[in-house]
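# Remarks on the overall topology
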Amino acid sequence: MRKHYQKLEQGSPQIQTSTTSDIVFLLLIFFMVTTVFRQEQGLRIDMPQALSSKKVATKHISHVWVGYDGDRGVVSIDDRIVPIGSIRTIIEQKKRVDPNLIVSIMADRNTPYSISNDVFGQLIKANALHVSLSAKKINEIK
Amino acid sequence: MFKRKKQTGSPDIPTASLGDITFLMLIFFLVTSSFSTEMGLQIVLPEESKETITMLSKNIVHVRINKFGDVRVEDEPVDWMKLSDKAVEMLEKPNGDSLVFSIIPTRMAKYDYMIRVFDQLKIAYEKTQMKEKISLSPAEDDE
């Protein structure tokens, strides 16, 4: 009998909701802190566009940024400007760490082809043959 | 006057919905923030080998690009926008599956020109569902 009475008293229990905002806010902070947005700055480039651009698995990827300054090529790997001749050794090292390495070439669309040609030559020498030529996906040619 | 002030002294702001608001904000930012996705054209470069690979020269289709972006397929000028149709046509001929497209830009040709030609050839291979055979040749000197 007494039990029954007690039940009636607890008919609509109140759940404390004032702390949920704190919890969600903490979650927000947690995700803000743990997400890594972009590791490298690279160079300022105007990316070429392509219709058949495909998604690249980002796991094994390593970027090589190719820009130009007049006739001279400017290459940046891991946010360091490197001479074109040393790409080979850098990529060879990366290839040793990750044999499935995919090199993503982020080249400015106005780069003279001779510069990218030299970069490809270096990659071939480093035996890094899987290459992705970064291009923005478009749906029609303008 | 005094009495009234005392009455409104500590008004209750309902905080129960605050959690919902922040939660909605969290969802909103989770959805709208695009994690940088990589888009690109895949290519497998040829291995560096001592022995040269001999190939029937009739199977190689030379696609030359000059510094103005003009495209010539086997010395025949082609509008680059129609290159994929032209390539499909060539691939669908008998023995078309043994063709190899060799892209040869000049030294001063823009990277962009090479990409768009490469893109067109990729589209042609996508249409015909054949195994891609595109090679990037060393740059030629400008005329």
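Higher on the page you've got the structure.
Computed from a predicted model, the values in this text were never measured in an experiment.

What counts as what
Residues numbered from 1 in each chain as written. Chains lettered and ligands numbered in written order. Predicted model: local features only at pLDDT ≥ 70, side-chain atom pairs only at ≥ 80, totals over all residues. Helix = DSSP H or I, 4+ residues; strand = E, 2+ residues; numbered from the N terminus. Buried ≥ 20, exposed ≤ 12 C-beta atoms within 10 Å, placed from the backbone. Contact = placed C-beta atoms within 7 Å. Nonpolar A, V, L, I, M, F, W, Y, C, P; charged D, E, K, R; others polar. Pairing = 2+ DSSP bridges. Expected span 1.5 Å × (residues − 1). Axes fitted to C-alpha atoms, helices over the stretch in contact; angles between N-to-C directions. Parallel < 35°, antiparallel > 145°, perpendicular 65-115°, else oblique. Left-handed = near helix turned anticlockwise from the far one by under 90°.

## Quick notes on the overall build of chain B
Secondary structure assignment for chain B yields four helices and six strands. Sorting the 143 residues of chain B into buried and exposed places 23% on the buried side. Put simply, of all contacts in chain B between residues at least 6 apart along the chain, 75% involve residues at least 24 apart.

## A word on the interface of chain B and chain A
Counting from both sides, the interface comprises 38 residues of chain B and, opposite them, 44 residues of chain A. Broken down by secondary-structure element, the contributors of at least two residues to the side of chain B that touches chain A are helix H2 (18-32), strand S1 (39-44) and helix H4 (111-128) of chain B. The leading source of residues in the side of chain B that touches chain A is H4 of chain B, at eight residues. Within the side of chain B that touches chain A, the residues separate by chemical class into 21 nonpolar, eight polar and nine charged. With two bridges joining them, strand S2 (residues 54-55) of chain A and S1 of chain B adopt antiparallel strand pairing. From the neighbouring strand, Lys 54 of chain A faces S1 of chain B, where its bridge partner is Gly 40 of chain B.

## Some remarks on helix H4 (residues 113-125) of chain A
Residue and element names in this part refer to chain A. For H4, built from 13 residues, the straight-helix expectation of 18 Å at 1.5 Å per residue is met to within 8% by its first-to-last C-alpha distance of 18 Å. Taken together, the buried positions of H4 are occupied by Tyr 113, Ser 114, Ile 115, Ser 116, Asn 117, Val 119, Phe 120, Gln 122 and Leu 123. Once H4 ends, the next one or two residues include Asn 127, with phi positive near 60°.

## Things to note about the sheet that holds S1 of chain B
Across the sheet, which stays open at both edges, the seven strands sit in the order S2(A)-S1(B)-S7(A)-S6(A)-S3(A)-S4(A)-S5(A) with mixed pairing between neighbours. Edge positions in the sheet fall to S2 and strand S5 (80-82) of chain A, since each has one partner strand and no second. In terms of strand pairing, strand S3 (residues 61-69) of chain A meets strand S6 (residues 102-107) of chain A through six bridges, oriented parallel. Among the inter-strand pairings, Ile 61 of chain A is bridged to a residue of S6 of chain A, identified as Ile 102 of chain A. Against the sheet, H4 of chain A touches S3, strand S4 (72-77), S6 and strand S7 (130-134) of chain A, its axis set at about 150° to S3 of chain A.

## Comments concerning the pairing of S1 of chain B
Pairing analysis gives five bridges linking S7 of chain A to S1 of chain B, with the strands arranged antiparallel. Bridging from a neighbouring strand, His 130 of chain A pairs with Val 44 of chain B of S1 of chain B.

## Some details on the sheet that holds strand S5 (residues 100-105) of chain B
Residues and elements named next belong to chain B. Here five strands make up an open sheet; going across it, the order is S4-S3-S2-S5-S6 and the pairing mixed. Two strands bound the open sheet, and with one partner strand each, they are strand S4 (76-78) and strand S6 (134-136). Neighbour-to-neighbour, the strand axes of this sheet turn through a mean angle of 30°, independent of strand direction. Both strand S2 (residues 60-65) and S5 contribute to a ladder of six bridges, which runs parallel. Pairing of Ile 60 across the sheet is with Val 100, part of S5. Against the sheet, H4 touches S2, strand S3 (71-73), S5 and S6, its axis set at about 170° to S5.

## Re the packing of helix H3 (residues 83-91) of chain B against H4 of chain B
Residues and elements named next belong to chain B. Where H3 contacts H4, the two axes come as close as 8 Å, and the packing angle between them is 45°. As judged from the angle between their axes, H3 and H4 are oblique. When you trace H3 past H4, the crossing you get is right-handed. Side by side, H3 and H4 meet where Leu 83, Ser 84, Ala 87, Val 88 and Leu 91 of the first sit next to Val 117, Gln 120, Leu 121, Ile 123, Ala 124, Lys 127 and Thr 128 of the second. Residue classes in the contact of H3 with H4 are distributed as eight nonpolar, three polar and one charged.

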